Amino acid sequence: GGEKVAAAFALGESGPAGPRGIKGDSGPTGDQGFVGGNGPDGADGAQGNMGIRGGYGLGCDGVRETTNIPKTIDACGVCGGDESECAKYPYTRTAHSVGDPHYLTYDGISFDYQNAGEFILSRHMNDVEFQAKQIICPNPAVRCNTAAAVITKNWNIQFWGKYRMEQIVVNGQIWTQGNQYRYGIKKTLDRTTALLVYGDTFYVYFNDQRAGDGAVAYGTQSIWGDPLPNRIYMNLYFTAPARWSSGLSMTGLYANFDGDRNDDWASIEPSRMWWVEGTPSSAFANPTYMLDHTNRITKEKPTPWVAKSMGTTSLAEIPKRRAIRANGDSVVETDWTDKDELEAFKEVDPLTTKMRKRLFAKMVAEGVIERKLGEKKPTTGLAAVELDIMPFEGMRPDHLRIEQQMMLAKEWKVLSPKQRTFILAGKVVSSTAVGMTRMCEECVKGTEECVTKQIVSTPKAIGIMYKDDASRTACNAACLPWLDPKLTNAVCKCKIDCTLDVPLPKCTSNAISNYLSARTSWMIPLKGSLDKRCINLKSPATKVWKGTDPGAPERMWEQNKAPNFALSFWWRPDPIESYKISAIKSLIYKGPATDRNTPVVPDVKPLHIQVDGTNPDTPELLVTVAGVQGRVPFAKCPTLKDGTFTQFAVTKRDKYITVWCGADEKDACKKIMGKDVSTDEVPCITKVHTFELDANAKYTTSKDDAIYIIQPAATQAQVPAGFMGKFAYVASGEWDPKDSVKLWDTYIPRLNSYRQPSECGS
């Protein structure tokens with residue numbers, strides 16, 4: 001039996017594994033292991049933004065100023081001086097580079113510099129510098145400014161034609177109009193520097209003193225053609241205060257400023273000193289370039305500044321300054337020869353220089369040498385003379401010298417016959433002009449007519465040479481053919497454009513601009529002191545312009561020269577005073593001049609612009625021409641009741657009268673245009689009303705008339721209050737009988753582009 005029991009207790013095979021049990025608690029943490037080796041370095045991060053400029057250091061007197069600019073040693077060697085101790089000239093002077101381009105130094109040397117590149121126009125000590133970038137113009141024989149830069153110790157501010165004035169580059173960052181700056185509003189950058197930008201103009205104000213005159217670097221942009229970016233070239237100016245006229249502190253292509261023109265060439269040459277392209281001192285290529293004592297170029301120190309700024313010791317490692325010769329060849333400074341220098345500068349000949357010096361002195365005395373764009377042009381005496389330094393707005397550079405010769409010919413009574421002969425024949429080193437009669441002669445290339453009229457295209461163009469008969473026909477049709485070429489130079493200029501292969505629509509546009517700009521009188525100027533460009537409307541006949549005033553142009557008043565017209569102005573009503581008394585308010589009146597104390601106005605008014613304020617909630621514009629009145633419904637110009645500026649324009653084309661309404665703010669434009677508008681559509685202007693003169697209505701004008709801001713016989717209730725600015729009156733003669741060329745449709749939007757008055761009534 002025992003064997004049986006043992007067998008019963010033998011183990012069987014293992015059964016299947018059971019389910020996993022519950023995880024137990026973690027055990028205690030072990031000791032820390034050894035630190036591993038360093039991993040590989042990561043890639044470099046992106047460069048951060050430029051840091052904020054540090055505060056001022058100690059002045060030359062050892063004091064660290066907290067509220068004032070620290071004292072420095074001026075060019076006269078005086079600690080804390082303003083350089084007036086050794087100034088040699090009593091007046092502020094302006095140097096410039098304009099057109100294609102024509103240079104004028106502070107002391108009056110005129111020359112052309114037809115190299116391409118980047119140049120220092122002017123620099124004062126270690127305070128402020130003005131640079132320009134020149135490239136080939138649409139006329140490949142000459143150069144144009146396409147960019148400008150103003151540099152101080154804290155700022156590198158660049159203005160480019162490719163950006164217009166909608167964007168500027170500040171310390172390497174793009175600033176946009178409407179964000180970092182606004183048109184017409186001065187922006188203070190620091191204790192020495194301020195910025196002001198308009199649609200086609202910039203100003204940079206610099207003053208190294210807390211009081212007294214400072215410097216102004218400024219420029220304007222104008223349209224020409226390809227290959228210029230946006231077809232824009234720039235005119236560049238630098239105004240230096242009289243206290244900087246020591247001859248010790250100013251350097252660059254604008255020369256030294258000491259009241260002595262005889263040493264200008266010595267201060268400019270060699271011109272390669274002022275090249276910055278290819279170096280760290282190019283403000284355009286190096287947005288970190290700012291001024292300090294190490295990077296000022298002088299005669300005694302033409303190159304060490306480069307080594308210092310590059311941090312190198314071997315001059316072989318330093319990039320060479322470079323430019324492009326007038327013939328198109330690239331050249332570095334080490335290859336620039338005395339012959340290059342001689343050919344690069346073309347000074348105006350002594351006869352012209354002498355004439356200009358006399359005219360400049362006279363024009364300065366008459367207060368017109370610094371006439372800005374849009375200011376009323378004097379029409380009598382030497383003040384009426386316009387040199388190529390102050391072109392008509394919209395005029396192309398290749399016309400400037402032609403215009404100069406034509407206008408000066410009338411005023412050169414003080415010159416000898418020999419001088420007149422030389423000047424009118426174009427025998428000046430830097431001028432290609434001849435008299436207007438010769439320049440406007442026409443022929444077709446290869447015909448006997450060209451020989452008879454002595455019309456040539458080389459070496460300098462004289463006359464208008466068409467490539468074939470078809471070109472002549474097309475050009476004549478595009479160039480305001482109904483006008484008498486003997487009465488306006490716009491026709492001749494248009495044909496010159498056309499033979500230069502300017503597109504026909506652009507030729508017509510240029511002709512319209514030249515024709516009307518010469519006939520535009522700015523009654524209230526675009527720019528100038530606030531009291532002249534912003535008029536407070538507070539009494540009858542607030543401002544008066546008479547046809548008998550000295551210098552009043554006949555073409556603005558005479559019936560045979562001004563049967564048609566356009567006028568444009570901006571008005572901002574006073575929300576309280578303008579409609580406080582319900583009445584019809586007078587804005588602009590043109591009619592027979594009358595005595596101010598006992599004014600009499602005719603029942604049939606030649607021209608009267610009013611606002612019907614009898615219902616203050618819905619004021620309406622009234623326009624009367626030759627006794628015929630047109631009424632603009634409130635809905636068409638609803639900004640009349642707002643406290644904002646509205647632009648009004650009235651145009652006459654024979655019997656057709658058109659009224660325009662515009663604005664310079666987005667909300668106001670939305671109201672006037674009746675739709676949403678984008679920022680690019682501001683400023684805006686549109687036609688709001690048209691009416692016809694009946695057969696019995698005859699518009700008359702004469703030199704016995706006057707233009708009034710507020711009709712002279714108006715009662716105080718009829719005074720509109722508020723402020724008016726940018727009032728332009730444009731006189732026009734005959735009109736295109738086919739009405740194929742829309743003069744006013746082209747010109748009124750252009751007047752609108754000047755935008756509303758700034759700082760007016762604020």
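Since this is a predicted model, take the numbers as computed values, not measurements.

Asks: Explain unusual backbone geometry to me, please; I cannot follow it from the model alone.
Replies: The phi angle of most residues is negative, glycine excepted, and most peptide bonds adopt the trans form. That bond from Glu 269 to Pro 270 is cis: its omega, -5 degrees, falls within 30 degrees of zero. Considering the arrangement of structural elements, one finds Pro 270 in the loop between helix 2 (264-268) and helix 3 (304-310). A cis amide bond, omega 5 degrees, links Val 682 with the succeeding residue Pro 683. Mapped onto the elements, Pro 683 comes out in the loop between helix 15 (666-673) and strand 31 (684-692). We note that Arg 755 has phi near 70 degrees; this positive angle belongs to a residue other than glycine. Residue placement: Arg 755 occurs in the segment after helix 16 (743-752). By relative accessible area, which is 16% here, Arg 755 ends up buried.

Asks: Got a minute to help me understand the sheet that holds strand 32 (residues 705-709) in this structure?
Replies: Either a parallel or an antiparallel arrangement is found when strands of a sheet pair, and the pairing is made through backbone hydrogen bonds. What the six strands build is an open sheet, ordered 23-32-25-26-27-28; its pairing is antiparallel. Both outer strands of the open sheet, strand 23 (543-546) and strand 28 (628-632), are each paired with one neighbouring strand and no more. When the angles between neighbouring strand axes are averaged without regard to direction, this sheet yields 15 degrees.

Asks: What should I look at first to understand the pairing of strand 29 (residues 646-653) in this one?
Replies: Taken residue by residue, a regular strand's side chains alternate between the two faces of the sheet. Among the eight residues that make up strand 29, seven are buried, leaving the element largely enclosed by the rest of the structure. In terms of strand pairing, strand 24 (residues 564-572) meets strand 29 through seven bridges, oriented antiparallel. Along strand 29, the bridge assignment pairs Phe 565 with Lys 652. Relative to strand 30 (residues 656-663), strand 29 is paired through seven bridges, and the arrangement is antiparallel. Following the sheet pairing, Arg 653 is matched in strand 30 by Tyr 656. Hairpin connection between strand 29 and strand 30: a loop of two residues separates the two successive antiparallel strands, and Asp 654 in this loop has a positive phi of roughly 55 degrees.

Asks: What am I meant to see in the state of the cysteines here?
Replies: As used here, a disulfide is simply a covalent bond connecting the sulfur atoms of two cysteines. Scanning the entire structure with this criterion turns up eight disulfides. There is a disulfide in this structure between Cys 440 and Cys 492, and the S-S distance comes to 2.1 Å. Handedness of the Cys 440-Cys 492 disulfide follows from its S-S torsion of about -105 degrees: it is left-handed. In this pair, Cys 440 sits in the loop between helix 8 (436-439) and strand 19 (442-444) while Cys 492 sits in helix 11 (residues 490-499), placing the two residues 52 residues apart along the sequence. Here Cys 492 falls in the buried class, since its relative accessible area comes to 6%. Across the disulfide, Cys 669 is cross-linked to Cys 684 (sulfur-sulfur distance 2.2 Å). Sign of the S-S torsion, about -105 degrees for the bond between Cys 669 and Cys 684, identifies this disulfide as left-handed. Placement of Cys 669 in helix 15 and of Cys 684 in strand 31 is noted, with a sequence separation of 15 residues between them. Taking the relative accessible area as the measure of exposure, Cys 684 reaches 4% and is therefore buried. Here Cys 507 stays free of any disulfide, with the sulfur of Cys 498 as its closest cysteine sulfur at 4.4 Å. Assessed through its relative accessible area of 0%, Cys 507 is described here as buried.

Asks: Is there a simple way to think about the packing of aromatic side chains in this case?
Replies: What characterises a pair of aromatic rings is the spacing of the ring centres plus the angle enclosed by the ring planes. If you walk through the whole model with that rule in mind, you get 27 aromatic pairs. Each ring, one from Trp 735 and one from Trp 744, has its centre 5.3 Å from the other, and the planes form 45 degrees; the classification is tilted. The residues Trp 735 and Trp 744 share a single accessibility class, namely buried. Taken together, the ring pairs in this structure connect Tyr 89, Tyr 103, Tyr 106, Phe 111, Tyr 113, Phe 119, Phe 130, Phe 238, Tyr 254, Phe 257 and Trp 265 into an aromatic cluster. Lys 162 extends its terminal NZ or CZ atom over the ring of Trp 160, reaching a point 4.4 Å from the ring centre. Over the ring of Tyr 205 we find Lys 186; its NZ or CZ atom is 4.1 Å from the centre of that ring.

Asks: What should I look at first to understand the confidence of the model for the protein chain in this one?
Replies: Parts of the prediction with low pLDDT should not have their coordinates interpreted in detail. When pLDDT is averaged along the protein chain, the result is 81; 80% of the residues meet or exceed 70. Low pLDDT, under 50, characterises residues 422-433; the stretch is placed with 35 contacts to residues that sit more than four places away or in other chains.

Asks: Just checking my understanding: could you explain the packing of helix 12 (residues 504-517) against helix 16 for this structure?
Replies: The axes of two packed helices give the description: the angle between them and the distance between them. In the contact formed by helix 12 and helix 16, the axes pass within 10 Å of each other and the chain directions differ by 70 degrees. Classified by the angle their axes make, helix 12 and helix 16 are roughly perpendicular. Packed against helix 12, whose contacting residues are Ile 512, Ser 513, Tyr 515, Leu 516 and Ser 517, the element helix 16 presents Leu 743, Trp 744, Thr 746, Tyr 747 and Arg 750 at the interface. Its residues assigned to classes, the contact of helix 12 with helix 16 comprises six nonpolar, three polar and one charged.

Asks: Got a minute to help me understand the side chain of Asp 190 in this structure?
Replies: Structurally, the position occupied by Asp 190 is in the loop between strand 10 (187-188) and strand 11 (193-197). With no salt bridge to any partner, buried Asp 190 finds its closest opposite charge in Arg 191, at an N-O distance of 7.0 Å. A polar atom in the side chain of Asp 190 sits 2.9 Å from the side chain of Asn 154. With near-sequence residues (within four places) excluded, Asp 190 lies in contact with Asn 154 and Trp 155.

Rules used in this analysis
Residues numbered from 1 in each chain as written. Predicted model: local features only at pLDDT ≥ 70, side-chain atom pairs only at ≥ 80, totals over all residues. Heavy atoms only, no water. Helix = DSSP H or I, 4+ residues; strand = E, 2+ residues; numbered from the N terminus. Buried < 20%, exposed > 50% of the residue type's maximum accessible area, 1.4 Å probe, protein only. Pairing = 2+ DSSP bridges. Axes fitted to C-alpha atoms, helices over the stretch in contact; angles between N-to-C directions. Disulfide = S-S within 2.5 Å. Phe/Tyr/Trp six-rings, centres within 6.5 Å; stacked < 30°, edge-to-face > 60°. Lys NZ or Arg CZ within 6 Å of the ring centre and 35° of its normal. pLDDT = per-residue confidence, 0-100. Contact = heavy atoms within 4.5 Å. Parallel < 35°, antiparallel > 145°, perpendicular 65-115°, else oblique. Nonpolar A, V, L, I, M, F, W, Y, C, P; charged D, E, K, R; others polar. Lys, Arg positive; Asp, Glu negative; His and termini not counted. Salt bridge = Lys/Arg side-chain N within 4 Å of Asp/Glu carboxyl O. Polar contact = N/O pair within 3.5 Å; in protein donor to acceptor, adjacent residues only side chain to side chain.

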